[in-house]
Amino acid sequence: MEASIRKAILLQEITKLKSKEEQWEPYAWYKEMREKSPVFYDPEQEVWNVFLYDHVKRVLFDHALFSNKRERSLIPIPRNRNDERNNVNSCDPPQHRSRRALLSKAFTPRSINEWKPRIQSLANELVAGLEGQTTVDIVEKLAIPLPIIVIADLLGVPSKDRELFKAWSNILFLPYAKELFDDIAAKKVQAMKEFEEYLYPIVLEKRRNPANDILSDLVQAELEGEKLTDEEVVKSGIGLLGAGNETTTTLISNIFYSMLFDKPGIYQELRKDVSLVPKLVEEVLRFRFLVTMDRRVAQDTDVFGHQMKQGQMVVAWIASANRDESQFAHAGDLDIHRAGNQHHLAFGAGAHFCLGAPLARLEATLLLTSFVERFSNISPVDGMKLADHLTDSVTGQSLKILPVHIER
């Protein structure tokens with residue numbers, strides 16, 4: 001186990017935050033690190049950590065110094081060497097450009113706009129399904145189904161199987177824990193195997209009968225002068241199905257949490273002016289979106305005033321950067337009228353900026369707009385114990401349930 005566990009970067013071993021509530025609200029620790037140890041070396045895991053906006057942005061942008069080619073990672077998805085050719089997350093430019101191009105055309109503004117009526121219809125349907133209820137679980141009823149149905153439709157796989165996709169992606173995105181490493185690793189391997197076995201016959205069918213979807217595009221695409229193998233298409237599909245639902249589920253859940261607990265009263269602002277919805281989406285991405293990314297130090301450097309050695313790992317604490325007062329005045333306040341909040345780094349930056357960012361923004365905006373137009377108010381459920389509503393995620397904690405009172 002020791003050799004395997006050293007390939008994973010365990011964030012909780014760095015933060016030392018023990019309780020679920022502390023991991024859900026790590027912002028005081030971020031502030032302390034920005035002020036006292038903005039560039040911090042963790043000797044136990046042999047990992048550098050950066051917390052300031054400018055430092056984080058440099059790590060994400062500068063692939064000459066901070067490379068995506070790495071063996072260690074925060075991202076707990078089992079891979080092997082055969083996955084490398086079409087894996088956009090394990091390479092740097094110029095190779096990255098050709099690999100990303102395989103996927104990017106499905107996520108251009110024009111392509112996303114073509115899907116807008118379908119997403120709007122689905123959002124309206126999910127919101128309408130809440131009629132007649134006084135208390136609903138936002139995670140179960142809205143945050144989980146919308147993104148997974150949308151990404152399934154985009155890829156060309158049956159959305160009726162969404163509970164399977166969700167179960168597999170939940171396991172693949174489980175964070176590793178030191179004391180349970182082998183058990184978690186075994187679960188991931190099994191989930192990946194089942195996911196592959198599910199998608200493989202679908203990919204074969206796309207080769208025989210291509211349709212207007214991403215998997216069909218991938219089976220017909222070429223990389224480095226060759227078509228992708230069936231296995232490569234399957235792995236790409238798993239990556240998109242997993243990442244395409246987890247991020248947006250978290251975003252939608254966090255938006256409702258912020259309206260209830262971070263800044264009560266925002267909902268009524270939206271009721272008066274629904275055009276503020278995209279501003280709220282952007283501000284929640286900045287204010288309450290726990291995300292980190294890792295890179296390998298590509299060459300010896302003292303760019304941050306410390307001697308970083310080639311081959312060492314560096315963790316960019318993006319959620320800390322998004323609370324950096326030097327970039328965002330009063331960064332600890334949720335302010336939907338904040339100018340420049342779109343400069344947050346929640347979706348990364350540079351060559352590896354998240355392909356699905358426009359889709360995630362659109363889904364959250366359409367869903368929340370539909371909800372606000374239908375329901376006059378929302379309020380928290382009495383006696384809610386936060387710890388009971390949280391579940392382990394790669395970057396700390398995320399909401400597994402969020403009960404909300406709704407008024408017609």
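Residues numbered from 1 in each chain as written. Predicted model: local features only at pLDDT ≥ 70, side-chain atom pairs only at ≥ 80, totals over all residues. Heavy atoms only, no water.

- The name given to the chain in an unreviewed UniProt entry is Cytochrome P450, and the organism recorded there is Croceifilum oryzae.

1. Focus: the overall build of the chain
Right, so step 1: Summing up its helical and strand segments, the chain has 17 helices and twelve strands in all.
Right, so step 2: Restricting the contact set of the chain to residue pairs at least 6 apart, pairs at least 24 apart contribute 73%.
Right, so step 3: For the chain, the accessible area works out to roughly 18,000 Å², and carbon and sulfur atoms hold 50% of it. (Helix = DSSP H or I, 4+ residues; strand = E, 2+ residues; numbered from the N terminus. Contact = heavy atoms within 4.5 Å. Areas by Shrake-Rupley, 256 points an atom, 1.4 Å probe, with all protein chains shown as cover.)

2. A closer look at the sheet that holds strand E3 (residues 66–67)
Right, so step 1: Spatially, E1-E2-E8-E7-E3 is the arrangement adopted by the five strands of the open sheet, whose pairing is mixed. At either end of the open sheet lies a strand with only one pairing partner, and these are strand E1 (39–42) and E3.
Right, so step 2: Pairing between E1 and strand E2 (residues 47–50): four bridges, direction antiparallel. Opposite Asp 42, over in E2, you have Val 47 as the bridge partner. (Pairing = 2+ DSSP bridges.)

3. Some details on the pairing of strand E12 (residues 403–407)
Right, so step 1: By the bridge criterion, three bridges tie strand E4 (residues 135–137) to E12 in an arrangement that is antiparallel. Residue Asp 137 lies in a different strand from E12, and its bridge partner there is Pro 403.

4. Digging into the sheet that holds E12
Sheet strands pair by backbone hydrogen bonding; their relative direction is either parallel or antiparallel.
Right, so step 1: With antiparallel pairing, the three strands of this open sheet are ordered in space as E4-E12-E9. Two strands bound the open sheet, and with one partner strand each, they are E4 and strand E9 (377–380). Each adjacent strand pair in this sheet contributes to an overall mean axis angle of 40 degrees, direction not counted.
Right, so step 2: Alignment of E9 against E12, held across four bridges, turns out to be antiparallel. In the sheet register, Pro 380 faces E12, and the bridge partner there is Val 404.
Right, so step 3: Along the sheet face, helix H13 (residues 230–262) touches E9 and E12 and points at about 75 degrees away from the line of E9. (Axes fitted to C-alpha atoms, helices over the stretch in contact; angles between N-to-C directions.)

5. Here we look at the pattern of salt bridges
Right, so step 1: Counting across every chain of the model gives 19 salt bridges.
Right, so step 2: Residues Glu 246 and Lys 166 are paired through a salt bridge, measuring 3.5 Å at the closest nitrogen-oxygen approach. Here Glu 246 is found in helix H13, whereas its partner Lys 166 is found in helix H10 (residues 162–172), with 80 residues between them in sequence.
Right, so step 3: Residue Glu 246 is classed as buried on the basis of its relative accessible area of 17%.
Right, so step 4: Close ionic contact of Glu 196 with Lys 235 constitutes a salt bridge, the shortest N to O distance being 3.1 Å. With a gap of 39 residues between them, Glu 196 in helix H11 (residues 181–208) and Lys 235 in helix H13 connect regions that are remote in the sequence.
Right, so step 5: Judged by its relative accessible area of 16%, Lys 235 is buried.
Right, so step 6: Ionic contacts of the salt-bridge type, sharing partners, join the residues Glu 25, Asp 262 and Arg 288 into one network. (Salt bridge = Lys/Arg side-chain N within 4 Å of Asp/Glu carboxyl O. Buried < 20%, exposed > 50% of the residue type's maximum accessible area, 1.4 Å probe, protein only.)

6. Here we look at the packing of aromatic side chains
Centre distance and the angle of the planes are the two values used to describe a pair of aromatic rings.
Right, so step 1: According to the stated counting rule, one finds 19 aromatic pairs in the structure shown.
Right, so step 2: Ring geometry for Trp 29 and Trp 317: centres 5.2 Å apart, planes at 70 degrees, overall edge-to-face. Highlighted residues: Trp 29 in helix H4 (residues 27–36) and Trp 317 in strand E8 (residues 313–317), separated in sequence by 288 residues. Here Trp 29 matches Trp 317 in class, with each residue buried.
Right, so step 3: Ring centres of Phe 51 and Trp 317 lie 5.5 Å apart, and the angle between their planes is 15 degrees; on these two criteria the pair is classed as stacked. In this pair, Phe 51 is assigned in the loop between E2 and helix H5 (53–61) and Trp 317 in strand E8, connecting sequence segments 266 residues apart.
Right, so step 4: Through pairs of rings, three or more aromatic residues link up here, namely Tyr 27, Trp 29, Tyr 30, Phe 51 and Trp 317. (Phe/Tyr/Trp six-rings, centres within 6.5 Å; stacked < 30°, edge-to-face > 60°.)

7. Describing the side chain of Ser 216
Right, so step 1: With respect to the element layout, Ser 216 can be found in helix H12 (residues 214–220).
Right, so step 2: For Ser 216, a relative accessible area of 0% corresponds to the buried category.
Right, so step 3: In terms of polar contacts, Ser 216 uses its side chain to reach the backbone amide nitrogen of Ala 211, at 2.8 Å.
Right, so step 4: Each residue touching Ser 216, except ones within four places of it in the same chain, is listed here: Lys 206, Pro 210 and Ala 211. (Polar contact = N/O pair within 3.5 Å; in protein donor to acceptor, adjacent residues only side chain to side chain.)

8. What to know about the side chain of Glu 363
Right, so step 1: Tracing the backbone through its elements, the reader meets Glu 363 in helix H17 (residues 357–374).
Right, so step 2: Buried charged residue Glu 363 carries no salt bridge. Nearest counter-charge: Arg 118, at 11 Å. (Lys, Arg positive; Asp, Glu negative; His and termini not counted.)

9. So, the packing of H10 against H11
Right, so step 1: Following both chains from N to C, one finds H10 and H11 inclined at 145 degrees, their axes separated by 9 Å at the closest point. Between H10 and H11 the crossing geometry is left-handed. The residues of H11 that touch H10, namely those facing Phe 165, Trp 168, Ile 171 and Leu 172, are Lys 187, Lys 188, Ala 191, Met 192, Glu 194, Phe 195 and Tyr 198. (Left-handed = near helix turned anticlockwise from the far one by under 90°.)

10. Structural notes on the environment of Asn 49
Right, so step 1: When you line up the elements, Asn 49 lands in strand E2.
Right, so step 2: For the pair formed by Asn 49 and Asp 294, sequence separation is 245 residues and the distance between their alpha carbons is 9.1 Å.
Right, so step 3: Excluding anything up to four places from it in sequence, Asn 49 contacts Ile 14, Pro 38, Val 39, Phe 40, Asp 42, Val 315 and Trp 317.

11. Here we look at the environment of Ala 331
Right, so step 1: By secondary structure assignment, the location of Ala 331 is in the loop between helix H16 (318–321) and H17.
Right, so step 2: By relative accessible area, which is 0% here, Ala 331 ends up buried.
Right, so step 3: Between the alpha carbons of Ala 331 and Asn 341 there is a distance of 9.8 Å; along the sequence they are ten residues apart.
Right, so step 4: When near neighbours in sequence (up to four residues on either side) are disregarded, Ala 331 contacts Arg 286, Phe 287, Arg 323, Asp 324, Glu 325 and Arg 338.

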